[in-house]
There are 2 protein chains.
Amino acid sequence: MPETPLPIDDLQTLRQQLSELDVLSIADDLARLEPAERAKVFRLLPKGKALGVFQLLDAAHQEELLMGLRQEQVLRLVQEMDPDDRARLFDEMPATVVRKMLAGLSPRERRDTAMLLGYPDESAGRIMTPRLIRLVPTMTAAEALDRVRRRAGTAETLYALPVTDEEMRLIGMIELKDLVLAEPETPVGEIMNSETHVVRVDDDQEKVARLIQAADILAAPVVDLEGRLVGMVTVDDAMDVLGAEEGEDLARTGASEPLRRPYFSASIFRLARSRAVWLLMLSVAAILTVNVLNAFENTLESAVVLALFIPLLIGTGGNAGAQSATTIVRSMAVNDIRPEDFLRVVLREGRVGLLLGVMLGTLAYPPVWYFVGGALASIISLTLITVCTLASLVGSLMPLIARKVGVDPAVVSAPFVTTIVDATGLLVYFLIARAILGI
Amino acid sequence: MPETPLPIDDLQTLRQQLSELDVLSIADDLARLEPAERAKVFRLLPKGKALGVFQLLDAAHQEELLMGLRQEQVLRLVQEMDPDDRARLFDEMPATVVRKMLAGLSPRERRDTAMLLGYPDESAGRIMTPRLIRLVPTMTAAEALDRVRRRAGTAETLYALPVTDEEMRLIGMIELKDLVLAEPETPVGEIMNSETHVVRVDDDQEKVARLIQAADILAAPVVDLEGRLVGMVTVDDAMDVLGAEEGEDLARTGASEPLRRPYFSASIFRLARSRAVWLLMLSVAAILTVNVLNAFENTLESAVVLALFIPLLIGTGGNAGAQSATTIVRSMAVNDIRPEDFLRVVLREGRVGLLLGVMLGTLAYPPVWYFVGGALASIISLTLITVCTLASLVGSLMPLIARKVGVDPAVVSAPFVTTIVDATGLLVYFLIARAILGI
């Protein structure tokens, strides 16, 4: 893939380059242009490439481009998209635009897309494809292959093929390769895999994607509440879901709302907005630290030296808490930790925190003793031990509790833990200081 | 998938359950047992399921199980694994054990595995499968299908088939479905896709995985430095790589080393070790804050009230810095930001930080003015504006610089940014305070 930007201002060279580059490179370059340039380049694309490039773009960019194209160009693009990609796109667009585009679709396409849009957000139904080739167990492998050949254009994937009974109830899955390798006369029922992982249409997308990842399968069949086959989630959609979920977890660990769009397509204002609420909430929560310090103002006045260590101590506590929280959030996301492991996790993290605290406390004692004296050395060491233990406990408890009450654990991870640990750490510090200094 | 744990102590029921459960559920349950229980359950597995379950386990668990099995059991398992999975397993094991296992393989299997182990860490060569079915462009579709049928057992996937010339140079890719759908007499050269994305054996794994994700392909062909085909990276391995990379990024954002193993299989000591070095480094870096405060001890003594706002101000700065850093790290990982965007990114982030700072500074002024007075309100507001801007600049600069000098950007993200911002934030705070209070 060439890393040089497109020659926006030289129409001839640009047209030439666009005809030579593959769709992935073009999509990649488009994503990094300013909106006006993007529309201009897109309109210059050779006819055969426009759909390919469009499908590879982010929904945010697709929406933006659609707004800039003429009605018939829009309809042509939208008609040719896969139903699940189309549903995802429509999901992000204003309702008036969606209605106009739905009107341009064939009745069948319209029905497919409307059905997907009817499922809850983040559910398997939203990302599944309803376009599949259904087999029945009494067909022979040769008949099945024949059916695949005839219906190839109607399905999103030919590699994973669901087998159902007359009432559309899923009874197994078969892969294209099994049909190719089987003796032509073998019935599908004999070679299909009846031990398949079935997904319900209202299952969480992330759960479905993790299943596809863990089981190394190309697609998972989706059934409705009555057990009837309604679609399949394919591996490429699973990858996109996992990527988006991990992007969300990472953003929340860094105290931002996920952008859900490429960095350069977000305006300065949108970037600030994705952070403003978090930053404000955390700052308001941090007012707690002002109150704690205010309560100890006398102690502070009689020993200003205590103030010198405030950032160091609460910083260390915050880091220890963030370590626990990120480990737990990640382990829950990949299902290494389940709700019933609650107590086991907290006990483990408490011990890890204690170990780390004792290590830091022991290392800190000699230098503080040398520079500032024995009393302060004891205060600092004891505070480090207590704060690290406490921070690890809080850091593991908060995501676990969040999960119990149905909140995304990543939301309450690192930044919230840090803020809570800051306030309790200060309390611990000054209580220990008072006791040892006898103020 | 049943969420109830296995009945470890009731051999009969356990055996019964193991024969009924599918391999994925068993692997899932095994991962959450203590090591001794895991070995016990694994030995009870019905013969046909042992390999399936084993392949689904984490490398850390595979290693642990192998240590507990008898020599011939080990050899049987290892012989039946795919070469790339085997290479990944060997990679984690002590050299003496690997030598013993290599000796038990057939010459061909040994050569395949040794070759994969010869490629650099994190390279495409390490995760590719060398077992593939190669086609030539002059074959007809029928001949190609015939070849696929005869060699099916020797390849990891039948869906993506590389087409090469006589010298093994890659000239295109063809999918199984294209062979199935084509007229039997069509030559492969006419239906293959010659615009394929080729990966070099020493390319970074993450880059390869992102390519497979972006291009929605089932496998990417891998060529050596002379352009000769040596293997393919398949979509299931790409998913695992992306999962592992995002786990690493998340761990580092939370100031830990990635565990690289399931949570419960890590001992308390290992958990502590994955965090100790980071925590220690950050604490040592935080000594800077003690020095800054020490330099302003006089200012602090004459206005102890300044101390009350220290945790709030540096906490807010740290959060703003973490927000920038995580956004940039993520955007670089998904290739939305490239090295040449350096200046553009820093300018954007600086403006976002300024916007956020002005918002917080404006909101903070009235309450501080009311409770503590006008001078302090001005100090706090000005500090918030400066610190947020500074934090966003540092937060975007550090990962960008890390990338330039070849360090994983996630390493220097949130926690390091926070520590640096803490010290500079204090400096800014006291300089502003001195100027306004005239101390």
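Below: a short report on this structure. (Residues numbered from 1 in each chain as written. Chains lettered and ligands numbered in written order. Predicted model: local features only at pLDDT ≥ 70, side-chain atom pairs only at ≥ 80, totals over all residues.)

Structural notes on helix α21 (residues 374–404) of chain B
All names here are of chain B.
Item 1. Taking 1.5 Å of rise per residue, 31 residues should cover 45 Å, and α21 covers 45 Å from first to last C-alpha, within 8% of that figure.
Item 2. Within α21, 22 of the 31 residues are buried, which leaves it mostly tucked inside the rest of the structure.
Item 3. Looking one or two residues beyond α21, the residue adopting positive phi is G406, at roughly 85°. (Helix = DSSP H or I, 4+ residues; strand = E, 2+ residues; numbered from the N terminus. Expected span 1.5 Å × (residues − 1). Buried ≥ 20, exposed ≤ 12 C-beta atoms within 10 Å, placed from the backbone.)

Let's talk about the packing of helix α19 (residues 310–333) of chain B against helix α22 (residues 414–437) of chain B
Residues and elements named next belong to chain B.
Item 1. Packing of α19 against α22 leaves a shortest axis separation of 8 Å and a crossing angle of 140°. With respect to each other, α19 and α22 are oriented oblique. α19 and α22 meet at a crossing whose hand is right-handed. Touching L313, I314, G317, G318, G321, A322, A325 and T326 of α19 are A414, V417, T418, V421, D422, G425, L426 and Y429, all from α22. (Axes fitted to C-alpha atoms, helices over the stretch in contact; angles between N-to-C directions. Parallel < 35°, antiparallel > 145°, perpendicular 65-115°, else oblique. Left-handed = near helix turned anticlockwise from the far one by under 90°. Contact = placed C-beta atoms within 7 Å.)

Details of the sheet that holds strand β4 (residues 219–223) of chain A
All names here are of chain A.
Item 1. What the three strands build is an open sheet, ordered β3-β4-β5; its pairing is mixed. Either end of the sheet is taken by a strand with one partner, and the two such strands are β3 (199–200) and β5 (229–234).
Item 2. Two strands pair when backbone bridges link them, and β4 and β5 are joined in this way by five bridges, in the antiparallel orientation. Opposite A220, over in β5, you have V233 as the bridge partner.
Item 3. Relative to the sheet, helix α14 (residues 205–215) contacts β3, β4 and β5, its axis offset from that of β4 by approximately 140°.
Item 4. Sheet strands touched by helix α15 (residues 235–253): β4 and β5. Its angle to β5, the strand with the most contacts, is close to 65°. (Pairing = 2+ DSSP bridges.)

Describing the nonpolar core
Item 1. In terms of nonpolar packing, the biggest core is built from 128 residues, with V394 and V417 of chain A together with V394 and V417 of chain B touching the most fellow members.
Item 2. With residues up to four places along the chain from it excluded, the contact list for V394 of chain B reads G321, V417, I420 and V421 of chain B.
Item 3. Residues L132 and V241 of chain A together with V41 and L161 of chain B belong to the second largest nonpolar core, which totals 115 residues. (Core = buried A, V, L, I, M, F, W, Y, C linked by C-beta atoms within 7 Å.)

Such coordinate-based values are descriptive only and should not be taken to indicate function.
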